[in-house]
Amino acid sequence: MTTGVAAQPPGVRSAHRTHRLEFEGAFEVADRVRRHSAAGRDIANLSIGEPDFATPAHVVAAGIKALRAGETKYTPVAGLPALRAAIATSLGRRGVRATPERIVVTPGAKPALFYALLATVDAGDEVLTPDPGYPAYASTIRFAGGVPVSYGFDAERGFQPNVAEIAERITPRTRVILLNSPGNPTGGTIEQSTLERIAELALKHDLIVISDEIYSRLVHAGDGVAPSIAALPGLSDRTIVIDGFSKTWAMTGWRLGYALIPSPLVRAIETIAVNAHSCVPGFIQFAGVAALNGPEDSLVSMRRELRRRRDVLVDGLRAIPGIRCARPTGAFYVFPDVTELLALSGEDSAAFASRLLDRFGVATIAGSAFGTGGEGYLRLSYAGPAPDIAAALARLRSAARTTTRIGGTTP
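Definitions and limits used
Residues numbered from 1 in each chain as written. Predicted model: local features only at pLDDT ≥ 70, side-chain atom pairs only at ≥ 80, totals over all residues. Heavy atoms only, no water. Helix = DSSP H or I, 4+ residues; strand = E, 2+ residues; numbered from the N terminus. Rg over C-alpha atoms; globule rule 2.2 N^0.38 Å. Buried < 20%, exposed > 50% of the residue type's maximum accessible area, 1.4 Å probe, protein only. Contact = heavy atoms within 4.5 Å. Areas by Shrake-Rupley, 256 points an atom, 1.4 Å probe, with all protein chains shown as cover. Lys, Arg positive; Asp, Glu negative; His and termini not counted. Charge placed at Lys NZ, Arg CZ, Asp CG, Glu CD. Phe/Tyr/Trp six-rings, centres within 6.5 Å; stacked < 30°, edge-to-face > 60°. Pairing = 2+ DSSP bridges. Axes fitted to C-alpha atoms, helices over the stretch in contact; angles between N-to-C directions. 1 Å grid on protein atoms, 1.4 Å probe; cavity = no way out; pocket = protein on both sides within 12 Å on 5 of 7 lines; lining within 4 Å. Points joined across faces, edges and corners; volume = space filled by probe spheres on them. Nonpolar A, V, L, I, M, F, W, Y, C, P; charged D, E, K, R; others polar. Polar contact = N/O pair within 3.5 Å; in protein donor to acceptor, adjacent residues only side chain to side chain.

1. Structural notes on the overall build of the chain
From N to C terminus, the chain includes 13 helices and 14 strands. Its C-alpha atoms give the chain a radius of gyration of 22 Å, near enough to 22 Å, the size a compact globule of 411 residues would have. Expressed as lengths along the three principal axes of its C-alpha atoms, the size of the chain is roughly 60 × 60 × 55 Å. Across the 411 residues that make up the chain, the buried fraction comes to 55%. Intrachain contacts of the chain at a sequence separation of at least 6 include 74% that bridge at least 24 residues. As displayed, the chain offers around 17,600 Å² of accessible surface, 55% of which is attributable to carbon and sulfur atoms. In the chain, 44 side chains carry a positive charge and 39 a negative one; their mean positions are 4 Å apart.

Next comes the structure, spelled out in structure tokens:
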């Protein structure tokens, strides 16, 4: 009897290395949100880390001008000289010694991270990785054949990395330490004194540092810029800085990022880049030049609004019984502790986040999506539509009351 479904050839299967990669939880939740929305449900979406702000007008204009001028051909693998020079200057203003020759432009910061790990990690190498941390870290380390070795944070100190734990977990096989500041999912910014202690360990044990600084200009205090470990003595020559335009300039869909690379590693990363993506479109790179060299009014305004949203969200969460929430110092995430509610409901963070979406119309990300250290937490983004924050808080209050009363079994 014919079913109409063709049998799959036994040789058609994915390579084993692909099984080391994990799909990103935020995009899975985004798919579920779209399905709910298509069915007519109103969802307060605090799940995705995408700024609900327009790309600055002068940046858009520069991209359009370059497009109309015919900047649609191949560009140098490492990026246009004008953009690499602008990036080097921008890094210099942050105290990081940089030259255009050490910069490789990529289609988003994520490929820069991917290439950096592929270029530095051999089979069996250990990489010290934040937990909770961005899920692509451990996933890519495994893909490269390495072993992610997690280190935790001190939540009471604004999610500062636990330096003592980092030191304890360094072995002769440790090759790289990976940092993220401000951090996803915690919103914590690594303090200068903490960076100095980590730098001492990197120098003592001859480690490469990969510093993910995609949120570096979204800090809610001081000059709005996070300190970089690459600015410390002796660290520029062993640190790969990952950064991009998606968050700071609300350019997520433009796909523009870069890596600042120690000289001995530049050729290796360029070689990976030419095999993977060839080059980044010229008109997008000219938009990047305009972002770095143009006015920063929109950035200042966005930072101010994000700070306001952060305070509304944190204050609202702190008013809900069963939720504890630190006030993050950077990025656009809060990472509330919901262990009391989970104890009442008997759920883990993934089940609780799923119930919040399906029954209460609030989209969040389970803390466990960011590692075992995230269990008991939720990640909430305040970068999306501002009205979603008030709606989410009202629905979270309802969910908390329900959980307190009947153990989370019904809405």
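2. Describing the packing of aromatic side chains
Applying the stated criterion to the full structure yields ten aromatic pairs. Measuring from ring centre to ring centre gives 5.5 Å for tyrosine 134 and tyrosine 137, while their planes differ by 80°; the resulting arrangement is edge-to-face. Judged by relative accessible area, which is 15%, tyrosine 134 ranks as buried. Classification of tyrosine 137 as buried rests on a relative accessible area of 0%. Measuring from centroid to centroid gives 5.4 Å for tyrosine 215 and phenylalanine 332, while their planes differ by 90°, and the two rings are edge-to-face. One end of the pair, tyrosine 215, is in the loop between strand E8 (208–212) and strand E9 (239–244); the other, phenylalanine 332, is in the loop between helix H10 (297–318) and strand E11 (333–334), with 117 residues separating them in the sequence. With a relative accessible area of 0%, phenylalanine 332 lands in the buried category. Pairwise contacts between aromatic rings join Phe159, Phe335 and Tyr377 into one cluster.

3. Regarding the sheet that holds strand E10 (residues 257–260)
Read from one edge of the open sheet, seven strands run E2-E10-E9-E8-E7-E3-E4, paired in mixed fashion. Both outer strands of the open sheet, strand E2 (103–106) and strand E4 (147–151), are each paired with one neighbouring strand and no more. Taking each pair of neighbouring strands and ignoring which way they run, the sheet shows an average axis angle of 20°. For strand E3 (residues 126–130) and strand E7 (residues 174–180), the ladder comprises three bridges, and the chain directions are parallel. Bridge pairing links glutamate 126 to threonine 174 in E7. Along the sheet, helix H4 (residues 109–120) contacts E2, E7, E8, E9 and E10; its crossing angle with E9, the most-contacted strand, is approximately 160°.

4. Here's the deal with the layout of surface pockets
Taken as a whole, the largest pocket spans an internal volume of roughly 760 Å³. Along its surface, the largest pocket is lined by 33 residues, and Phe27, Ile48, Gly49, Lys247 and Thr252 are the ones closest to its centre. Counting residues per element, the ones that place at least two in the lining of the largest pocket are helix H1 (25–38) and H4. Among the elements that make up the lining of the largest pocket, the one with the highest residue count is H1 (five residues). Looking at the lining of the largest pocket residue by residue, the class counts come to 15 nonpolar, nine polar and nine charged. Computed from the structure, the second largest pocket encloses a volume of approximately 240 Å³. Going through the elements one at a time, E3, helix H5 (135–143) and E4 are the ones with two or more residues in the lining of the second largest pocket. Among the residues making up the lining of the second largest pocket, the classes are represented as nine nonpolar, five polar and three charged.

5. Thoughts on the side chain of asparagine 184
Among the structural elements, asparagine 184 can be located in the loop between E7 and helix H7 (192–204). Here asparagine 184 falls in the buried class, since its relative accessible area comes to 7%. Of the polar contacts made by the side chain of asparagine 184, one reaches the side chain of arginine 379; its length is 2.9 Å.

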